[in-house]
Amino acid sequence: MTRLRLVGSLGLLVVSTLATACAAVRSPTSEPARPAGALPPAPPASITADALREHVLALADDALEGRGAGYPGEEKAAAYIARRFRDAGLATSLQTFRFIPRAPEHAGERLTSRNVLGVLPGGDPRLAAEVVILGAHHDGQGRAGQADGGRYPATDPAAQTDTIWNSADDNASSVAALIEIARVLAARPTRPRRTILFATFGAEEHALNGSATLAQNPVPAGGRRVAMVNLEKIGRVPDHPLVMVGCATSADWLQILGEANSRSGAGVLCPLPDLVADTDHYPFAALGTPAVVLGTVHEEDTHQPTDESSRLDFEALARRANYVRTLIEILVDRDLPPSFAAGTRRGSGLVAVAASSGERARLDLGEGEALKVSMVLPGLPAAQAGLRPGDFVTSIDGQSLRAPAQERAIDEALNDRSLVTLTVRRGGTSLIMRVETPR
């Protein structure tokens, strides 16, 4: 799903902002200057490149067939992650859910996916009921013949016949980091003050379905969610900075980011503070939890079968994993949790995907396009308007959708005005729905 995978048009905005902001960032005076977002070598006894390599090689192996959500390869990946969580001493569980795939193999198809959850209880009786979530999606693009979570053809001629999208950077790299952060924090001599829920999500590539499921349900550990940090694509482009996105969800994020930078000697920035419905932090923030995503801006092999383990830089991945560990330690041990910014623009509360060619044919749209509603969060404008997963939007404010269908078109229209009128097809019925967001 995640075009915020820190890529695409949003990535261009991030890059443009970084170009301006980087000039103003300096490393601590005790160290040589380094580019904004560059991370120093990992400290001794920290997360290592070798440990991360082991996880990525396992998760991005051909035997897992690209970890397509709803298929056996993704189930194998979930079993691997759960085993690693148990080895670290976490209380581990699976959270299963049904979802509507982005481009189904069969009309009206629903598939089953799962989240992997590992709980590290907090050690401070006053703060243990406050839960910090560290998350990353474990599903990938799968293989040819499966429901299509956004597969692109290879630009490398040598890979044209490859039928497996191994999804190594997107997002086995982040899952590997999360597993190792869990192991290191669980092995601390003293427990973190707050409870940490380590969560890997299924079906992110389809419509953030796994994170939406967790965000709508009680925390397995009990207590209340106070913050969420999501990881996306952190194993490539070693010369690119790690960036934070979504920091407008709390005024406290910049302070936490600054402290993590100070401790690590890094210069990680938040070039795009706004909340965008593009990756797994969105459902949490949309429902009122301060949430951000940490990732890198690049399109190297993104959603192509060439996103393979051999193209990752594991030393860079280790530096980034250790940085995230530092930030999480600050977050779980500080006296006060981040407070949610009441003015956060949460969007419509839906994720829509471009209708497949088969779905368009069944809708008999001619040259028109449609957006399929795949995820709707309760209590937000889309749900209040009556939209449901499985609905097809064929026009916005009377304008028929045309190719290529822009999957954020509804939220982008709501950025310009507070009310949009949608023509919706539900089964054989055409409906008019009005989605209104507060200003």
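Everything below is about the structure printed above this text.
First, a word on what this report is: a plain description of the structure on this page. The structure displayed is predicted, hence computed values, not measured ones. The residue numbers shown here count from 1 along each chain, following its written sequence. Local features in this predicted model are restricted to residues of pLDDT 70 or higher, and side-chain atom pairs are both shown and tallied only at a pLDDT of 80 or more, whereas totals for entire chains, interfaces and linings draw on every residue. To get the side-chain values, take all heavy atoms of the structure and skip hydrogens and water.

1. What about the pattern of salt bridges?
As a reminder, the rule being used: In what follows, salt bridge is the name for a side-chain nitrogen of Lys or Arg lying within 4 Å of a carboxyl oxygen of Asp or Glu. Relative accessibility under 20% of the residue-type maximum defines a buried residue, over 50% an exposed one, and the middle range a partly exposed one, all with a 1.4 Å probe and only protein chains included.
A complete count under the given rule lists 23 salt bridges for this structure. Across the pair Arg 126 and Asp 124 runs a salt bridge whose closest N-O atoms are separated by 3.4 Å. Since its relative accessible area comes to 12%, Asp 124 is described here as buried. Among the salt bridges present, the one from Arg 408 reaches Glu 412, with a minimum N-O distance of 4.0 Å. Three or more residues joined by partner-sharing salt bridges are found here, namely Asp 124, Arg 126, Arg 193 and Asp 335.

2. What to know about the nonpolar core
The following threshold applies: To form a nonpolar core, buried Ala, Val, Leu, Ile, Met, Phe, Trp, Tyr and Cys residues must be joined to one another through side-chain atoms within 4.5 Å. Residues count as neighbours in contact if any of their non-hydrogen atoms are within 4.5 Å of one another.
Counting residues in hydrophobic clusters, the biggest one holds 61 residues, and the most contacted among them are Phe 198, Val 229 and Ile 328. Beyond its immediate stretch of four places on either side in the chain, Ile 328 contacts Leu 134, Leu 185, Ile 196 and Val 229. Membership of the second largest hydrophobic core comes to 25 residues, among which are Ala 212, Ala 215, Phe 284 and Leu 377.

3. Topic: the state of the cysteines
What counts is decided by this rule: The criterion for a disulfide is a pair of cysteine sulfur atoms lying within 2.5 Å. Working definition: helices are DSSP H or I runs of at least four residues, strands are E runs of at least two. Numbering for both runs from the N terminus.
Following the criterion strictly, the structure yields one disulfide and no others. Bridging Cys 247 to Cys 270, the disulfide has an S-S length of 2.1 Å. Handedness here is read from the sign of the S-S torsion; for Cys 247 and Cys 270, about -100 degrees, the answer is left-handed. Of this pair, Cys 247 sits in the loop between β8 (242-245) and α7 (253-264) while Cys 270 is found in strand β9 (residues 269-272), placing the two residues 23 residues apart along the sequence.

4. Examining the environment of Pro 125
Its place among the elements puts Pro 125 in the loop between β2 (111-120) and β3 (130-137). A sequence separation of 69 residues divides Pro 125 from Arg 194, and the C-alpha atoms of the two residues are 8.7 Å apart.

5. Re the packing of aromatic side chains
Going by this rule: For this analysis, a ring pair means two rings from Phe, Tyr or Trp (six-membered ring only for Trp) whose centres lie within 6.5 Å, classed as stacked if their planes differ by under 30 degrees, edge-to-face if by over 60, and tilted for the remaining angles.
Tallied over the entire structure, the rule returns three aromatic pairs. Measuring from centroid to centroid gives 6.3 Å for Phe 97 and Phe 99, while their planes differ by 55 degrees, and the two rings are tilted. Relative to Phe 284, the ring of Phe 201 lies with its centre 6.1 Å away and its plane at 40 degrees, an arrangement referred to as tilted. Separated by 83 residues along the polypeptide, Phe 201 in strand β6 (residues 195-201) and Phe 284 in helix α8 (residues 282-286) bring together distant segments of the chain. Classification of Phe 284 by relative accessible area gives buried; the value is 1%.

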